[in-house]
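Fold and contact review
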Amino acid sequence: MNQNVNPPVGFGTVAPLKNVAAAYSVALKIIDRPAGVDGLGLFYGPSGYGKSKASTFVQNKTSAIYLEVFDFWTKRTFCEALLAELGVDKPKGTIAGMMMQALRLLQDDPNRLMIIDEADKLVDKNMIELVRDIYKGARIPVLLVGEELLPQKLARYERCENRVTAYGMANPSDIDDARALAAIYQRNLTVRDDLLAEIVIKTKGVASRIVTSLAEIAQFSRANSLTEIGLKDYTGSFFTGQAPRRAR
Amino acid sequence: MSAVNLLVQGVRPVRAGRDYFWQKLLEASRDGGSATVKELRGVCDPGHDEALRSFLARMYDAGHVERLDDRPPYRFRISSPQRDCPVISGDGKPSLKGRAQQQMWNVMRRARLGFTVEQLMIDATTDDVVVGFETAISYLRLLVRAGVVKITSNGRKPADRVFVLTGSGNTGSKAPRRMRAAFMYDPNTCSVLGEVVAEEERS
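1. Things to note about the overall build of chain B
- Scanning chain B from N- to C-terminus turns up six helices and nine strands.
- By principal-axis analysis of the C-alpha atoms, chain B measures approximately 65 × 55 × 30 Å.
- Within the span of chain B, comprising 203 residues, buried residues form 34% of the whole.
- Looking at chain B as shown, the accessible area adds up to about 12,500 Å², and 51% of this sits on carbon and sulfur atoms.
- Within chain B, the 24 negative side-chain charges are centred at a point lying 4 Å from the centre of the 31 positive side-chain charges.

2. Observations concerning the sheet that holds strand 4 (residues 142-146) of chain A
Residue and element names in this part refer to chain A.
- Pairing is parallel in the open sheet, where five strands are placed in the order 2-3-4-1-5. On the outer flanks of this sheet lie strand 2 (65-68) and strand 5 (164-169), each paired with one strand and no other. Mean inter-strand twist for the sheet, computed between neighbouring axes without regard to direction, equals 15°.
- The sheet contact formed by strand 2 and strand 3 (residues 114-117) spans four bridges and is parallel. Across the sheet, Ile65 pairs through a bridge with Met114, a residue of strand 3.
- Sheet strands touched by helix 2 (residues 51-62): strand 1 (40-44), strand 2, strand 3 and strand 4. Its angle to strand 3, the strand with the most contacts, is close to 165°.

3. Overview of the environment of Met100(A)
- Within the element layout of this structure, Met100(A) appears in helix 4 (residues 95-107).
- With a relative accessible area of 59%, Met100(A) lands in the exposed category.

4. Focus on the interface of chain B and chain A
- Taken together, the contacts link 24 residues of chain B with 26 residues of chain A.
- Taken as a group, Arg83(B), Arg110(B) and Ile122(B) account for 32% of the area that chain B buries against chain A, more than any other trio of residues on that side.
- Here chain B is connected to chain A by 10 salt bridges.
- Where Asp127(B) meets Lys61(A), a salt bridge forms, and the shortest distance between an N and an O atom there is 2.9 Å.
- Our count for the chain B to chain A interface comes out at 19 residue pairs in polar contact (both at pLDDT 80 or more).
- At the level of elements, helix 4 (99-110) and helix 5 (117-124) of chain B are the ones that each hand at least two residues to the side of chain B that touches chain A.
- At six residues, the largest contribution of residues to the side of chain B that touches chain A is made by helix 4 of chain B.
- In the side of chain B that touches chain A, the residues fall into six nonpolar, six polar and 12 charged.

5. Structural notes on the nonpolar core
Residues and elements named next belong to chain A.
- Formed by 43 residues in total, the largest nonpolar core has its most connected members in Leu113 and Leu143.
- Of all the elements in the fold, those that place two or more residues in this core are helix 1 (18-31), helix 2, strand 4, helix 9 (175-185), helix 10 (193-202) and helix 11 (207-223).
- With 39 residues, the next largest nonpolar core counts Cys79, Leu82, Val88 and Leu105 among its residues.

6. Here's the deal with a nonpolar patch on the surface
- There is a patch of nonpolar side chains on the surface, built from Val4(B), Leu6(B), Val8(B), Val11(B), Tyr185(B), Val192(B) and Val196(B) and spanning about 590 Å² of accessible area.
- With respect to the helices, strands and loops of the structure, Leu6(B) is situated in the segment before helix 1 (18-29).

7. Let's talk about the pairing of strand 1 of chain A
Residue and element names in this part refer to chain A.
- Within strand 1, five of the five residues are buried, which leaves the element mostly enclosed by the surrounding structure.
- Burial along strand 1 is two-sided: Leu40, Leu42 and Tyr44 and Gly41 and Phe43, pointing in opposite directions, are all buried.
- Bridging between strand 1 and strand 5 involves five bridges; their strand directions are parallel. In the strand pairing of strand 5, Phe43 is matched with Gly168.

8. Things to note about the environment of Arg30(B)
- Mapped onto the fold, Arg30(B) is located in the loop between helix 1 and strand 1 (35-36).
- Through-space distance from the C-alpha of Arg30(B) to that of Gly172(B) is 25 Å; in sequence the pair is 142 residues apart.
- With residues up to four places along the chain from it excluded, the contact list for Arg30(B) reads Arg104(A), Leu105(A), Asp108(A) and Arg83(B).
- Of note is the side chain of Arg30(B), whose polar atom sits 2.4 Å from the side chain of Asp108(A).

9. Remarks on the pairing of strand 3 (residues 75-78) of chain B
All names here are of chain B.
- Burial along strand 3 is one-sided: Phe76 and Ile78 are buried, and none of Arg75 and Arg77, which face the opposite way, are.
- In the sheet, strand 1 pairs with strand 3 via two bridges, with the strands oriented antiparallel. Note on strand 3: the bridge partner recorded for Thr36 is Arg75.
- Relative to strand 3, strand 2 (residues 65-67) runs antiparallel, the two being bridged by three bridges. By the bridge assignment, Val65 is partnered in strand 3 with Ile78.

10. Things to note about the domain arrangement of chain B
- Taken domain by domain, chain B holds domain 1 (18-78) and domain 2 (96-203).
- Relative placement of domain 1 of chain B and domain 2 of chain B: their C-alpha centres are 32 Å apart.

11. Side note on the packing of helix 2 of chain A against helix 4 of chain B
- Their axes nearest at 10 Å, the elements helix 2 of chain A and helix 4 of chain B cross at an angle of 150°. When the axes of helix 2 of chain A and helix 4 of chain B are compared, the pair comes out roughly antiparallel. The way helix 2 of chain A lies across helix 4 of chain B gives a crossing that is right-handed. Contacts between helix 2 of chain A and helix 4 of chain B pair Ser52(A), Ser55(A), Thr56(A), Gln59(A), Asn60(A) and Lys61(A) from the former with Arg99(B), Gln103(B), Asn106(B), Val107(B) and Arg110(B) from the latter.

Rules used throughout
Residues numbered from 1 in each chain as written. Chains lettered and ligands numbered in written order. Predicted model: local features only at pLDDT ≥ 70, side-chain atom pairs only at ≥ 80, totals over all residues. Heavy atoms only, no water. Helix = DSSP H or I, 4+ residues; strand = E, 2+ residues; numbered from the N terminus. Buried < 20%, exposed > 50% of the residue type's maximum accessible area, 1.4 Å probe, protein only. Areas by Shrake-Rupley, 256 points an atom, 1.4 Å probe, with all protein chains shown as cover. Lys, Arg positive; Asp, Glu negative; His and termini not counted. Charge placed at Lys NZ, Arg CZ, Asp CG, Glu CD. Pairing = 2+ DSSP bridges. Axes fitted to C-alpha atoms, helices over the stretch in contact; angles between N-to-C directions. Contact = heavy atoms within 4.5 Å. Buried area = accessible area lost by both parts, 1.4 Å probe. Salt bridge = Lys/Arg side-chain N within 4 Å of Asp/Glu carboxyl O. Polar contact = N/O pair within 3.5 Å; in protein donor to acceptor, adjacent residues only side chain to side chain. Nonpolar A, V, L, I, M, F, W, Y, C, P; charged D, E, K, R; others polar. Core = buried A, V, L, I, M, F, W, Y, C linked by side-chain atoms within 4.5 Å. Patch = residues over 30% accessible without salt bridge, like charges linked within 9 Å, V, L, I, M, F, W, Y side chains within 5 Å. Domains from an automatic or database assignment. Parallel < 35°, antiparallel > 145°, perpendicular 65-115°, else oblique. Left-handed = near helix turned anticlockwise from the far one by under 90°.

Quick look at the structure:
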(Lines give C-alpha, C1' and ligand atoms only; values in the text may rest on other atoms or scores of the structure.)
Protein backbone atom coordinates (compact mmCIF):
# COMPACT_ATOMS: atom_id res chain seq x y z
CA MET A 1 0.00 0.00 0.00
CA ASN A 2 1.42 3.33 -1.00
CA GLN A 3 -1.18 5.91 -0.19
CA ASN A 4 -0.68 8.93 1.98
CA VAL A 5 -2.60 8.17 5.13
CA ASN A 6 -1.13 10.86 7.37
CA PRO A 7 -2.82 14.23 7.55
CA PRO A 8 -1.21 16.69 5.14
CA VAL A 9 0.05 18.90 7.99
CA GLY A 10 3.32 20.43 6.80
CA PHE A 11 3.75 17.80 4.13
CA GLY A 12 7.28 17.85 2.80
CA THR A 13 8.64 20.72 4.85
CA VAL A 14 10.03 21.11 8.34
CA ALA A 15 8.24 24.47 8.65
CA PRO A 16 5.64 23.33 11.24
CA LEU A 17 8.27 22.27 13.79
CA LYS A 18 8.33 24.58 16.79
CA ASN A 19 12.12 25.03 16.77
CA VAL A 20 12.06 25.91 13.08
CA ALA A 21 9.36 28.49 13.77
CA ALA A 22 11.37 29.87 16.70
CA ALA A 23 14.55 30.27 14.65
CA TYR A 24 12.63 31.86 11.78
CA SER A 25 10.92 34.23 14.18
CA VAL A 26 14.30 35.43 15.55
CA ALA A 27 15.53 35.90 11.97
CA LEU A 28 12.48 37.94 10.99
CA LYS A 29 12.82 40.12 14.10
CA ILE A 30 16.36 41.14 13.22
CA ILE A 31 15.69 41.47 9.49
CA ASP A 32 12.58 43.63 9.98
CA ARG A 33 13.98 45.60 12.91
CA PRO A 34 13.05 49.27 13.17
CA ALA A 35 15.67 51.84 12.17
CA GLY A 36 18.25 52.34 14.89
CA VAL A 37 17.66 48.96 16.50
CA ASP A 38 20.54 46.49 16.53
CA GLY A 39 20.22 43.35 14.44
CA LEU A 40 22.04 40.62 16.33
CA GLY A 41 19.98 37.52 17.17
CA LEU A 42 20.70 34.34 19.09
CA PHE A 43 19.26 30.87 18.59
CA TYR A 44 20.67 28.33 20.98
CA GLY A 45 20.10 24.97 22.60
CA PRO A 46 21.55 21.51 23.17
CA SER A 47 22.65 19.36 20.24
CA GLY A 48 20.04 17.12 18.64
CA TYR A 49 17.17 19.57 19.07
CA GLY A 50 17.18 20.42 15.37
CA LYS A 51 19.04 23.73 15.36
CA SER A 52 20.83 22.88 12.12
CA LYS A 53 17.61 21.86 10.36
CA ALA A 54 16.04 25.06 11.62
CA SER A 55 18.92 27.18 10.37
CA THR A 56 18.82 25.42 6.98
CA PHE A 57 15.16 26.38 6.70
CA VAL A 58 15.95 29.98 7.67
CA GLN A 59 18.85 30.08 5.21
CA ASN A 60 16.59 28.90 2.39
CA LYS A 61 13.66 31.13 3.31
CA THR A 62 15.74 34.29 3.58
CA SER A 63 18.55 33.53 1.07
CA ALA A 64 20.97 34.07 3.93
CA ILE A 65 24.74 33.90 3.89
CA TYR A 66 25.70 30.84 5.95
CA LEU A 67 28.94 30.15 7.80
CA GLU A 68 29.68 27.15 9.98
CA VAL A 69 32.58 27.69 12.37
CA PHE A 70 35.07 24.89 13.00
CA ASP A 71 37.40 24.32 15.92
CA PHE A 72 40.51 24.78 13.82
CA TRP A 73 39.45 28.17 12.49
CA THR A 74 41.60 31.24 12.95
CA LYS A 75 40.73 34.84 12.17
CA ARG A 76 42.26 34.30 8.75
CA THR A 77 40.18 31.21 7.95
CA PHE A 78 37.07 33.04 9.14
CA CYS A 79 37.76 35.90 6.72
CA GLU A 80 38.60 33.51 3.88
CA ALA A 81 35.45 31.47 4.45
CA LEU A 82 33.32 34.61 4.62
CA LEU A 83 34.74 35.99 1.38
CA ALA A 84 34.32 32.62 -0.34
CA GLU A 85 30.64 32.63 0.68
CA LEU A 86 30.36 36.09 -0.80
CA GLY A 87 31.59 34.77 -4.14
CA VAL A 88 35.25 35.79 -3.99
CA ASP A 89 37.43 33.22 -5.73
CA LYS A 90 40.54 32.23 -3.69
CA PRO A 91 40.45 35.07 -1.17
CA LYS A 92 43.81 36.35 -0.02
CA GLY A 93 45.45 39.31 1.70
CA THR A 94 45.83 40.52 5.25
CA ILE A 95 43.05 39.95 7.76
CA ALA A 96 42.36 43.68 7.77
CA GLY A 97 42.27 43.76 3.97
CA MET A 98 39.93 40.79 3.75
CA MET A 99 37.62 42.25 6.39
CA MET A 100 37.45 45.53 4.47
CA GLN A 101 36.63 43.61 1.29
CA ALA A 102 33.95 41.60 3.11
CA LEU A 103 32.38 44.73 4.57
CA ARG A 104 32.23 46.35 1.16
CA LEU A 105 30.52 43.30 -0.34
CA LEU A 106 28.13 42.97 2.59
CA GLN A 107 27.17 46.63 2.23
CA ASP A 108 25.95 45.82 -1.29
CA ASP A 109 23.16 43.81 0.31
CA PRO A 110 22.44 45.69 3.52
CA ASN A 111 19.54 43.63 4.80
CA ARG A 112 20.70 40.15 3.82
CA LEU A 113 20.80 37.89 6.84
CA MET A 114 24.04 36.18 7.87
CA ILE A 115 23.77 32.95 9.86
CA ILE A 116 26.81 31.86 11.87
CA ASP A 117 26.44 28.27 13.06
CA GLU A 118 28.50 26.92 15.97
CA ALA A 119 28.99 30.54 16.99
CA ASP A 120 30.05 29.58 20.51
CA LYS A 121 33.34 28.45 18.98
CA LEU A 122 33.96 32.04 17.91
CA VAL A 123 33.47 33.09 21.54
CA ASP A 124 35.75 30.30 22.82
CA LYS A 125 38.48 31.37 20.44
CA ASN A 126 38.16 35.09 21.17
CA MET A 127 37.01 35.78 17.63
CA ILE A 128 33.53 37.05 18.37
CA GLU A 129 34.72 40.64 17.99
CA LEU A 130 35.00 39.92 14.24
CA VAL A 131 31.24 39.46 14.21
CA ARG A 132 30.81 42.72 16.02
CA ASP A 133 33.03 44.42 13.44
CA ILE A 134 30.97 42.91 10.63
CA TYR A 135 27.79 44.03 12.28
CA LYS A 136 29.14 47.48 13.04
CA GLY A 137 30.70 47.93 9.60
CA ALA A 138 27.96 46.53 7.37
CA ARG A 139 24.86 46.79 9.61
CA ILE A 140 23.52 43.52 8.32
CA PRO A 141 21.34 41.29 10.52
CA VAL A 142 23.39 38.45 12.03
CA LEU A 143 21.90 35.31 13.56
CA LEU A 144 24.27 33.42 15.87
CA VAL A 145 23.38 29.75 16.31
CA GLY A 146 25.08 27.75 19.02
CA GLU A 147 25.02 25.53 22.04
CA GLU A 148 23.00 26.02 25.22
CA LEU A 149 25.63 28.18 26.92
CA LEU A 150 25.98 30.63 24.04
CA PRO A 151 24.18 33.52 25.83
CA GLN A 152 26.30 33.11 28.98
CA LYS A 153 29.48 32.89 26.94
CA LEU A 154 28.51 35.98 24.99
CA ALA A 155 27.82 37.84 28.23
CA ARG A 156 31.60 38.03 28.74
CA TYR A 157 31.73 40.33 25.73
CA GLU A 158 29.59 43.23 26.83
CA ARG A 159 30.02 45.08 23.54
CA CYS A 160 28.49 42.13 21.68
CA GLU A 161 25.86 41.20 24.19
CA ASN A 162 24.45 44.73 24.15
CA ARG A 163 23.74 44.37 20.45
CA VAL A 164 21.56 41.28 20.84
CA THR A 165 17.94 42.20 20.25
CA ALA A 166 16.27 38.83 19.65
CA TYR A 167 16.61 35.49 21.38
CA GLY A 168 15.23 32.07 20.51
CA MET A 169 15.74 28.86 22.43
CA ALA A 170 15.63 25.40 20.87
CA ASN A 171 13.36 23.20 22.98
CA PRO A 172 12.82 19.45 23.13
CA SER A 173 10.21 18.24 20.66
CA ASP A 174 6.71 17.70 22.01
CA ILE A 175 3.93 15.52 20.67
CA ASP A 176 2.90 18.13 18.08
CA ASP A 177 6.45 18.11 16.73
CA ALA A 178 6.49 14.29 16.75
CA ARG A 179 3.21 14.31 14.83
CA ALA A 180 4.69 16.73 12.29
CA LEU A 181 7.86 14.65 11.98
CA ALA A 182 5.77 11.52 11.37
CA ALA A 183 3.80 13.34 8.67
CA ILE A 184 7.02 14.51 7.01
CA TYR A 185 9.18 11.40 7.25
CA GLN A 186 6.66 8.54 7.30
CA ARG A 187 3.96 9.68 4.94
CA ASN A 188 2.60 6.21 4.29
CA LEU A 189 2.02 5.36 7.94
CA THR A 190 -0.40 6.64 10.56
CA VAL A 191 1.27 6.74 13.96
CA ARG A 192 -1.26 7.09 16.77
CA ASP A 193 -0.80 9.70 19.50
CA ASP A 194 -0.17 7.17 22.29
CA LEU A 195 2.84 5.81 20.42
CA LEU A 196 4.02 9.30 19.50
CA ALA A 197 3.83 10.30 23.18
CA GLU A 198 5.92 7.28 24.11
CA ILE A 199 8.52 8.15 21.45
CA VAL A 200 8.79 11.69 22.84
CA ILE A 201 9.34 10.33 26.38
CA LYS A 202 11.83 7.66 25.36
CA THR A 203 13.86 10.00 23.13
CA LYS A 204 13.68 12.91 25.61
CA GLY A 205 12.32 15.03 22.76
CA VAL A 206 15.55 14.91 20.74
CA ALA A 207 14.35 15.46 17.18
CA SER A 208 17.03 13.36 15.47
CA ARG A 209 16.22 10.39 17.74
CA ILE A 210 12.49 10.80 17.07
CA VAL A 211 13.16 10.60 13.33
CA THR A 212 15.30 7.46 13.82
CA SER A 213 12.64 5.87 16.06
CA LEU A 214 9.96 6.64 13.48
CA ALA A 215 12.09 4.92 10.83
CA GLU A 216 12.33 1.83 13.08
CA ILE A 217 8.57 1.90 13.64
CA ALA A 218 7.98 2.20 9.89
CA GLN A 219 10.20 -0.82 9.29
CA PHE A 220 8.27 -2.77 11.96
CA SER A 221 4.96 -1.72 10.35
CA ARG A 222 6.06 -2.83 6.89
CA ALA A 223 7.20 -6.18 8.26
CA ASN A 224 3.79 -6.61 9.90
CA SER A 225 1.75 -5.14 7.02
CA LEU A 226 0.40 -2.29 9.14
CA THR A 227 -0.62 1.09 7.75
CA GLU A 228 -1.61 2.40 11.17
CA ILE A 229 0.18 1.73 14.42
CA GLY A 230 -0.34 2.52 18.09
CA LEU A 231 1.50 1.78 21.33
CA LYS A 232 -0.14 -1.62 21.88
CA ASP A 233 0.84 -2.78 18.36
CA TYR A 234 4.50 -1.90 18.62
CA THR A 235 6.89 -4.36 20.22
CA GLY A 236 10.09 -2.99 18.72
CA SER A 237 12.66 -0.67 20.25
CA PHE A 238 13.02 3.11 20.39
CA PHE A 239 16.21 4.93 19.52
CA THR A 240 17.20 6.53 22.81
CA GLY A 241 20.79 7.37 21.94
CA GLN A 242 21.96 5.16 24.83
CA ALA A 243 24.34 2.31 24.08
CA PRO A 244 22.72 -1.06 24.87
CA ARG A 245 23.81 -2.63 28.21
CA ARG A 246 24.80 -6.24 28.65
CA ALA A 247 22.23 -8.26 30.63
CA ARG A 248 23.68 -9.75 33.85
CA MET B 1 20.42 10.82 -35.28
CA SER B 2 24.03 11.36 -34.33
CA ALA B 3 25.72 12.36 -31.11
CA VAL B 4 29.05 13.97 -30.34
CA ASN B 5 31.16 14.35 -27.25
CA LEU B 6 32.15 17.94 -26.62
CA LEU B 7 35.50 18.57 -24.98
CA VAL B 8 35.08 21.98 -23.41
CA GLN B 9 38.44 23.64 -22.91
CA GLY B 10 37.32 26.83 -21.27
CA VAL B 11 34.45 29.18 -20.65
CA ARG B 12 34.20 32.92 -20.55
CA PRO B 13 31.13 34.52 -19.06
CA VAL B 14 29.35 36.72 -21.60
CA ARG B 15 29.59 40.36 -20.54
CA ALA B 16 25.85 40.78 -20.85
CA GLY B 17 22.69 39.30 -19.43
CA ARG B 18 20.64 40.21 -16.39
CA ASP B 19 23.20 39.14 -13.76
CA TYR B 20 26.00 41.03 -15.48
CA PHE B 21 23.90 44.17 -16.07
CA TRP B 22 22.83 44.12 -12.42
CA GLN B 23 26.42 43.70 -11.22
CA LYS B 24 27.61 46.66 -13.26
CA LEU B 25 24.72 48.86 -12.17
CA LEU B 26 25.31 47.82 -8.54
CA GLU B 27 28.96 48.87 -8.82
CA ALA B 28 27.90 52.17 -10.38
CA SER B 29 25.28 52.74 -7.65
CA ARG B 30 27.78 52.50 -4.78
CA ASP B 31 28.30 55.66 -2.74
CA GLY B 32 25.33 57.41 -4.32
CA GLY B 33 26.51 56.91 -7.91
CA SER B 34 24.52 56.09 -11.05
CA ALA B 35 25.04 55.19 -14.71
CA THR B 36 23.57 56.03 -18.12
CA VAL B 37 22.68 53.45 -20.74
CA LYS B 38 25.74 54.55 -22.71
CA GLU B 39 28.03 54.03 -19.74
CA LEU B 40 26.61 50.58 -19.09
CA ARG B 41 26.86 49.72 -22.77
CA GLY B 42 30.54 50.60 -22.59
CA VAL B 43 31.25 47.76 -20.14
CA CYS B 44 29.19 45.14 -22.02
CA ASP B 45 30.00 42.94 -24.99
CA PRO B 46 28.73 44.45 -28.25
CA GLY B 47 25.33 43.47 -29.60
CA HIS B 48 23.34 43.50 -26.37
CA ASP B 49 21.87 47.02 -26.49
CA GLU B 50 18.29 45.85 -26.76
CA ALA B 51 18.74 43.36 -23.91
CA LEU B 52 20.20 46.13 -21.72
CA ARG B 53 17.34 48.53 -22.46
CA SER B 54 14.78 45.82 -21.83
CA PHE B 55 16.50 44.87 -18.55
CA LEU B 56 16.48 48.47 -17.33
CA ALA B 57 12.83 48.92 -18.31
CA ARG B 58 11.76 45.74 -16.52
CA MET B 59 13.75 46.55 -13.39
CA TYR B 60 12.42 50.12 -13.42
CA ASP B 61 8.82 48.89 -13.76
CA ALA B 62 9.37 46.41 -10.92
CA GLY B 63 10.77 49.18 -8.68
CA HIS B 64 14.30 47.78 -8.38
CA VAL B 65 15.90 50.56 -10.42
CA GLU B 66 15.38 54.32 -10.21
CA ARG B 67 15.59 56.79 -13.09
CA LEU B 68 17.16 60.00 -11.87
CA ASP B 69 16.59 62.51 -14.69
CA ASP B 70 13.50 63.78 -16.42
CA ARG B 71 15.13 64.02 -19.82
CA PRO B 72 17.57 61.79 -21.71
CA PRO B 73 20.27 60.77 -21.20
CA TYR B 74 18.64 59.18 -18.17
CA ARG B 75 20.79 58.13 -15.26
CA PHE B 76 19.88 54.90 -13.47
CA ARG B 77 20.72 53.47 -10.11
CA ILE B 78 19.63 50.54 -8.00
CA SER B 79 16.98 51.63 -5.54
CA SER B 80 17.32 48.82 -2.99
CA PRO B 81 20.80 47.29 -3.21
CA GLN B 82 21.19 43.53 -3.14
CA ARG B 83 24.04 41.34 -4.36
CA ASP B 84 22.02 39.16 -6.71
CA CYS B 85 19.75 40.37 -9.44
CA PRO B 86 16.10 40.05 -8.36
CA VAL B 87 14.24 37.44 -10.36
CA ILE B 88 11.00 38.80 -11.76
CA SER B 89 8.35 37.10 -13.83
CA GLY B 90 6.90 38.30 -17.12
CA ASP B 91 4.31 40.43 -15.30
CA GLY B 92 7.01 42.15 -13.21
CA LYS B 93 6.22 40.33 -9.97
CA PRO B 94 8.88 38.58 -7.84
CA SER B 95 9.54 35.08 -9.12
CA LEU B 96 10.81 31.98 -7.35
CA LYS B 97 12.55 30.57 -10.44
CA GLY B 98 15.93 29.11 -9.64
CA ARG B 99 15.18 28.93 -5.90
CA ALA B 100 14.64 25.15 -5.86
CA GLN B 101 18.15 24.50 -7.22
CA GLN B 102 19.70 26.97 -4.81
CA GLN B 103 17.85 25.49 -1.85
CA MET B 104 18.91 21.96 -2.81
CA TRP B 105 22.50 23.16 -3.18
CA ASN B 106 22.40 24.78 0.28
CA VAL B 107 21.21 21.49 1.76
CA MET B 108 23.81 19.40 -0.10
CA ARG B 109 26.64 21.61 1.11
CA ARG B 110 25.59 21.08 4.71
CA ALA B 111 24.81 17.34 4.51
CA ARG B 112 28.36 16.06 4.92
CA LEU B 113 27.18 12.57 5.88
CA GLY B 114 25.22 12.30 2.65
CA PHE B 115 21.53 12.38 1.86
CA THR B 116 18.78 10.49 0.09
CA VAL B 117 16.52 12.10 -2.48
CA GLU B 118 13.74 12.21 0.10
CA GLN B 119 15.93 13.93 2.70
CA LEU B 120 17.00 16.44 0.07
CA MET B 121 13.38 17.13 -0.86
CA ILE B 122 12.31 17.60 2.76
CA ASP B 123 15.22 19.79 3.82
CA ALA B 124 15.18 21.91 0.66
CA THR B 125 11.43 22.49 0.69
CA THR B 126 10.04 25.62 2.28
CA ASP B 127 6.44 26.73 2.45
CA ASP B 128 6.85 28.78 -0.74
CA VAL B 129 9.20 26.52 -2.72
CA VAL B 130 8.28 22.85 -2.94
CA VAL B 131 11.05 20.58 -4.21
CA GLY B 132 9.45 17.56 -5.85
CA PHE B 133 10.98 14.17 -6.58
CA GLU B 134 11.51 14.82 -10.31
CA THR B 135 13.12 18.22 -9.65
CA ALA B 136 15.49 16.71 -7.10
CA ILE B 137 16.44 13.56 -9.00
CA SER B 138 17.00 15.35 -12.33
CA TYR B 139 19.28 17.92 -10.67
CA LEU B 140 21.14 15.15 -8.83
CA ARG B 141 21.60 13.20 -12.07
CA LEU B 142 23.27 16.21 -13.67
CA LEU B 143 25.52 16.73 -10.66
CA VAL B 144 26.46 13.03 -10.55
CA ARG B 145 27.27 13.08 -14.27
CA ALA B 146 29.42 16.17 -13.67
CA GLY B 147 31.30 14.38 -10.87
CA VAL B 148 30.18 16.96 -8.32
CA VAL B 149 28.00 14.51 -6.40
CA LYS B 150 28.92 10.88 -5.72
CA ILE B 151 26.66 7.95 -4.92
CA THR B 152 27.93 6.35 -1.71
CA SER B 153 25.27 3.68 -1.35
CA ASN B 154 23.74 2.35 -4.52
CA GLY B 155 20.21 1.20 -3.71
CA ARG B 156 18.01 -0.73 -6.09
CA LYS B 157 15.69 2.24 -6.56
CA PRO B 158 16.78 5.88 -6.94
CA ALA B 159 14.96 6.66 -3.67
CA ASP B 160 17.26 4.27 -1.75
CA ARG B 161 20.53 5.75 -3.00
CA VAL B 162 22.68 7.84 -0.72
CA PHE B 163 24.43 10.80 -2.34
CA VAL B 164 27.17 13.07 -1.09
CA LEU B 165 28.55 16.33 -2.40
CA THR B 166 32.29 15.91 -2.96
CA GLY B 167 34.73 18.23 -1.24
CA SER B 168 36.13 19.46 -4.55
CA GLY B 169 32.62 19.83 -5.93
CA ASN B 170 31.67 22.21 -3.13
CA THR B 171 33.10 25.22 -4.90
CA GLY B 172 30.98 27.95 -3.36
CA SER B 173 27.62 29.25 -2.29
CA LYS B 174 26.05 29.60 -5.73
CA ALA B 175 24.33 26.49 -7.06
CA PRO B 176 25.68 24.97 -10.28
CA ARG B 177 23.28 25.91 -13.06
CA ARG B 178 21.74 23.87 -15.80
CA MET B 179 22.67 25.50 -19.10
CA ARG B 180 21.57 24.77 -22.65
CA ALA B 181 23.16 25.58 -25.95
CA ALA B 182 22.39 25.08 -29.63
CA PHE B 183 25.35 24.96 -31.98
CA MET B 184 26.33 23.97 -35.49
CA TYR B 185 28.30 20.77 -35.96
CA ASP B 186 30.14 20.01 -39.18
CA PRO B 187 30.22 16.22 -39.73
CA ASN B 188 32.77 16.66 -42.55
CA THR B 189 35.44 18.04 -40.28
CA CYS B 190 34.11 16.77 -36.92
CA SER B 191 34.16 20.29 -35.55
CA VAL B 192 31.86 22.82 -33.98
CA LEU B 193 31.30 25.87 -36.14
CA GLY B 194 31.59 29.26 -34.52
CA GLU B 195 31.31 30.27 -30.88
CA VAL B 196 28.89 28.41 -28.62
CA VAL B 197 26.76 30.46 -26.27
CA ALA B 198 24.99 28.57 -23.48
CA GLU B 199 22.06 30.02 -21.58
CA GLU B 200 20.71 29.15 -18.19
CA GLU B 201 17.63 27.00 -17.79
CA ARG B 202 15.89 28.06 -14.61
CA SER B 203 13.37 25.85 -12.83
